[in-house]
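One letter stands for each residue in the lines below.
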Amino acid sequence: MSKRNHNAVRTCLGCAERDLKRAMVRVALVGGVATVDAAQRHAGRGGYLHRSLPCLERFERHRLKPFRSLKSPVGMAERRRITETIKAGWLGTVRGDKIIVNGA
Ligand SMILES: [Zn+2]
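Note that the coordinates shown come from a computational prediction; the quantities given were computed from them, not determined experimentally. (Residues numbered from 1 in each chain as written. Predicted model: local features only at pLDDT ≥ 70, side-chain atom pairs only at ≥ 80, totals over all residues.)

The subject of this paragraph is the environment of leucine 56. Here leucine 56 lies in helix H1 (residues 53–61). By the C-beta count within 10 Å, which is 23 here, leucine 56 ends up buried. Expressed as a C-alpha distance, the spacing of leucine 56 and arginine 80, which sit 24 residues apart in the sequence, is 8.8 Å. Beyond its immediate stretch of four places on either side in the chain, leucine 56 contacts Gly14, Leu49, Thr83, Ile86 and Lys87. (Helix = DSSP H or I, 4+ residues; strand = E, 2+ residues; numbered from the N terminus. Buried ≥ 20, exposed ≤ 12 C-beta atoms within 10 Å, placed from the backbone. Contact = placed C-beta atoms within 7 Å.)

Following this line, the structure appears as structure tokens:
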């Protein structure tokens, strides 16, 4: 059998729907700075986002408010940096507002 938390469910910071944790990317507060936690190994406060463009965009456009799971407000610029990092790791390299897909 696989790990016990294999089917753990989390709420997406973008669409606010619950889904399997492994279908999402973790965002953690590291030293007070929101960071993409690709390896999901940072302790402490974290939130999750679907690997989907609409969810990343919704997360960016949210009004400034404390995210319940992060227990801290995350500024627009900081959120943008997070989504760009996710997009870069997932689709390729982000240059300006363009995503250069790996291998293209
Ligand atoms: Zn979502």
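Side-chain direction in a regular strand flips from residue to residue, so the side chains alternate between the two faces of the sheet. The pairing of strand E3 (residues 24–30) with strand E5 (residues 46–50) spans 5 bridges and is antiparallel. Bridging from a neighbouring strand, alanine 28 pairs with glycine 46 of E5. Pairing geometry for E3 and strand E4 (residues 33–36), over 4 bridges, is antiparallel. Counterpart to leucine 29 in the pairing with E4 is alanine 34. (Pairing = 2+ DSSP bridges.)

Attention now goes to the nonpolar core. Residues Cys12, Leu13, Val25, Val27, Tyr48 and Leu49 are the most contacted members of the largest nonpolar core, which totals 15 residues. At the level of secondary structure, the elements contributing two or more residues to this core comprise E3, E5, H1 and helix H2 (76–91). No other element matches E3, which puts 4 residues into this core. (Core = buried A, V, L, I, M, F, W, Y, C linked by C-beta atoms within 7 Å.)

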